[in-house]
Amino acid sequence: MTLADLAGPADLAGLSTADLEVLAEEIRAFLIEKVRIGGGHLGPNLGAVELTIALHRVFDSPRDLLLFDTGHQAYVHKLLTGRQHDFDGLRQAGGVSGYPSRTESPHDVIENSHASTALSYADGLAKAFALRGADRRVVAVVGDGALTGGMCWEALNNLGAARDRPVVVVLNDNGRSYAPTVGGVADHLALLRGGPTAANLFTTLGFAYLGPVDGHDVDAVERVLVEAAKLNRPVVVHCVTVKGKGYAPAEADEADRMHAVGARSGGGGRSWTSVFADSIVELGATRPDLVCLTAAMTRPAGLGPFAERFPSRVFDVGIAEQHAVTSAAGLAMGGLHPVVAIYATFLSRAFDQVLMDVALHRLGVTFVLDRAGVTGPDGASHHGMWDASVLPVVPGLRLAAPRDPASLRELLAIAVSISDAPTVLRYPKASVGPDIPSVRRAAGYDVLREEPGAPVLLVAVGPLAGACLAAADELARHDVPVTVVDPQWTMPLHPGLVRFAAEHRLALAVEDTTETGALGGRLAQALAATGESTCAATFALPRAFLPHASRDEILRAHGLDAGGIAATVLKRLALMKAEVA
Ligand SMILES: Cc1ncc(C[n+]2csc(CCOP(=O)(O)OP(=O)(O)O)c2C)c(N)n1
């Protein structure tokens, strides 16, 4: 049986140990080839090959539910459930998702890809099956990194106490998140990896504990899973694995064991992340009170250079965004200025902490949101398109979107100088491009292009400035003069921007975020409140879960490129003309 012939998990049943070893090697070679071309999660999947084969041999998916926490390590699961022929399109528009996907397969149960949720889903599913009398197993696979997330411990608290409700928790322990996993839980797992100990957190919480078992020995993993299933109670199966297993460059990669690799054809150019990385080091050199926090993403979030230069001023708190935010509040109370560097999509988790623990206490904490807006191939769960909609309700919070490297540096310096309110900077996963100079500055906005008497104002938010300027060029060819401004701070709305917008017939805010709650709506409201006749609106992303594709493809599909912006302006002007007529 080769990977190409495998129709589904049932085909694994008749294979010998030797056959399985051959299959495992074939899967590794396949993953290395495909992921190196298209990009994606390599190290985590290479570490989960035998474990996933064993899971599919012991349990009867989809009748039994296999839940992959975070889901970035589910490629092997996809290959074993008949999707190997679609892997050329991995993470590309219309192709296989980089995470489990309920529309792709009945074998995919959860697909959110925000870490540390699987045990809670497992808890709910086990309760549902118990109440409905369904004889179905629930198995949750969770990494040692994801296990640092608070939700896991809330779930373990519930699962362990329900001795008669069986759930199998498979702990895929490779000792790493991106970097080595940190904290007391990681230290405890290291102790357990050494063999039987008197202290065992899991048994203390009410679980049976099986292991540690070599997660690359299919037979051994199978044996322990069979035993776990027979126990008919909550059980933790501790599998010790090697991230990047079997691929020397991944095993040797000190930074993150090739956790995620870019597509071979990936675009070049300097990233926004690297501009932040340099800026925060420069600020840190003059501001000894500046400290940085990361939720297990020191390097991806741009804190690598800062951590090298000021190691005692960076705190990796584990995959614990809520804790990161309130811990930052504590640091601010203690007289420091914390910078929480985080992907935009993961801040949603800690909204209440931003609102109550930081803002209510009027604390100066700066949030730097990487991957804000459309991210691309990671799909719906990773687009950072919610922050600019939910954060504006936080009293006192100031939100900025830089348009270029110079404005990122400038806005970051301003943000960390504010000591009595949360400040937020957001920028995308993209190349940053050259600086875009302003033709003049006014209170509340930078003017990037000015056409005196122009009927149309484009309010270009952050990284869409370039597209707005190109749209203005295109509109000029249609004899539609356009002025383009960059508000820099989208929250609070500056009265100067409102006054300037009132001098135009149409003011369109162009934004790389969900249209709900975006800047254009606030502008329209403010103009309406002052009785101005200017038609103001937001032109942004729909309130929808957008599937994976490249960032440019998604922006284009929603008209957020130069051509799309110009077309929208023309359409709106035509509508306004029709209304008048
Ligand atoms: C809430 C949340 N924060 C951060 C991330 C980014 N992230 C993806 S995988 C990962 C590390 C996961 O480590 P682990 O669970 O041990 O799995 P491994 O990759 O080591 O197999 C992180 C931090 C995420 N997916 N969700």
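Residues numbered from 1 in each chain as written. Predicted model: local features only at pLDDT ≥ 70, side-chain atom pairs only at ≥ 80, totals over all residues.

(A) Molecular detail of the domain arrangement of the protein. Domain boundaries in the protein define domain 1 (3–251), domain 2 (272–426) and domain 3 (440–580). On a C-alpha basis, the centres of domain 1 and domain 3 stand 46 Å from each other. (Domains from an automatic or database assignment.)

(B) Inspection of the sheet that holds strand β7 (residues 314–316) at higher detail. The 7 strands lie next to each other as β7-β6-β8-β9-β11-β10-β16, forming an open sheet whose pairing is mixed. At either end of the open sheet lies a strand with only one pairing partner, and these are β7 and β16 (489–491). Taking each pair of neighbouring strands and ignoring which way they run, the sheet shows an average axis angle of 25°. Both strand β10 (residues 398–400) and strand β11 (residues 423–426) contribute to a ladder of 3 bridges, which runs parallel. Along β11, the bridge assignment pairs Ala400 with Leu425. (Pairing = 2+ DSSP bridges. Helix = DSSP H or I, 4+ residues; strand = E, 2+ residues; numbered from the N terminus. Axes fitted to C-alpha atoms, helices over the stretch in contact; angles between N-to-C directions.)

(C) Representation of the sheet that holds strand β5 (residues 235–240). Here we have 5 strands laid out as an open sheet, ordered β1-β2-β3-β5-β4, and parallel in their pairing. Since the sheet does not close on itself, it has two edges, and those belong to β1 (65–68) and β4 (208–214), each with one partner. Going across the sheet, the axis of each strand differs from the next one's by a mean of 20°, ignoring polarity. Bridge analysis of β4 against β5 gives 5 bridges, and the strand direction is parallel. Looking at the pairing, Ala208 lines up with Val235 of β5. Across the sheet, helix α5 (residues 118–132) lies against β1, β2 (138–143) and β3 (168–173), angled at about 170° from β2, the strand it touches most. (Contact = placed C-beta atoms within 7 Å.)

(D) Broad picture of the site of the ligand. Neighbouring the ligand are 26 residues; Pro44, Ala115, Gly143, Gly145 and Ala146 lie closest to it. Of the residues in the shell around the ligand, the class split is 9 nonpolar, 12 polar and 5 charged. Each of two domains, domain 1 (3–251) and domain 2 (272–426), supplies a minimum of three residues to the shell around the ligand. (Near = placed C-beta within 6 Å. Nonpolar A, V, L, I, M, F, W, Y, C, P; charged D, E, K, R; others polar.)

(E) View of helix α6 (residues 150–161). With 12 residues, α6 extends 17 Å from end C-alpha to end C-alpha; this agrees with the ideal 16 Å at 1.5 Å per step. Of all the residues in α6, the buried ones are Met151, Cys152, Ala155, Leu156, Asn158, Leu159 and Gly160. Tucked into the core, α6 has its buried residues touching α5 and β2. (Expected span 1.5 Å × (residues − 1). Buried ≥ 20, exposed ≤ 12 C-beta atoms within 10 Å, placed from the backbone.)

(F) The arrangement of the environment of Gly531 in detail. Of note, Gly531 is situated in the loop between α20 (519–529) and β18 (535–541). Along the sequence, Gly531 and Ala502 sit 29 residues apart, while their C-alpha atoms lie 9.7 Å from each other.

(G) Representation of helix α3 (residues 49–58) in the model. Counting buried positions over the 10 residues of α3 gives 10, a clear majority of the element. For α3, the set of buried residues is Val49, Glu50, Leu51, Thr52, Ile53, Ala54, Leu55, His56, Arg57 and Val58.

(H) Quick peek at the environment of Val390. Within the element layout of this structure, Val390 appears in helix α16 (residues 387–390). Look at Val390 and you get partly exposed, because 16 C-beta atoms sit within 10 Å. Along the backbone, Val390 and Leu425 are 35 residues apart, and their C-alpha atoms lie at a distance of 14 Å. Leave out the neighbours within four places in its chain, and Val390 touches Phe351 and Gly517.

(I) Representation of unusual backbone geometry within the structure. Gly211 connects to Pro212 through a cis peptide bond whose omega is -5°. By the secondary structure assignment, Pro212 is in strand β4. Even without a glycine there, the phi angle at Asp479 is positive, about 60°. Residue position: Asp479 is located in the loop between α18 (465–477) and β15 (482–486). In this structure Asp479 comes out as exposed when scored by C-beta crowding, with 6 C-beta atoms within 10 Å. Look at Gln488: it is not a glycine, yet its phi comes out positive at around 60°. Mapped onto the secondary structure, Gln488 falls in the loop between β15 and β16. Exposure remark for Gln488: the 22 C-beta atoms within 10 Å place this residue in the buried category.

(J) Focus on the packing of α5 against α6. Their axes nearest at 8 Å, the elements α5 and α6 cross at an angle of 30°. By the angle class used here, α5 and α6 are roughly parallel. Note that α5 runs across α6; the crossing there is left-handed. Residues Leu119, Ser120 and Asp123 of α5 pack against Met151, Cys152, Ala155, Leu156, Asn158 and Leu159 of α6. Considered class by class, the residues forming the contact of α5 with α6 number 6 nonpolar, 2 polar and 1 charged. (Parallel < 35°, antiparallel > 145°, perpendicular 65-115°, else oblique. Left-handed = near helix turned anticlockwise from the far one by under 90°.)

(K) Representation of the packing of helix α1 (residues 17–38) against α3 in the model. Packing of α1 against α3 brings their axes to within 10 Å, and their N-to-C directions diverge by 125°. Here α3 runs oblique to α1, going by the angle between their axes. Here α1 and α3 pass one another in a crossing that is right-handed. Residues Leu20, Leu23, Ala24, Ile27 and Arg28 of α1 form the contact with α3, whose participating residues are Val49, Glu50 and Ile53. In terms of residue class, the contact of α1 with α3 is built from 6 nonpolar, no polar and 2 charged.

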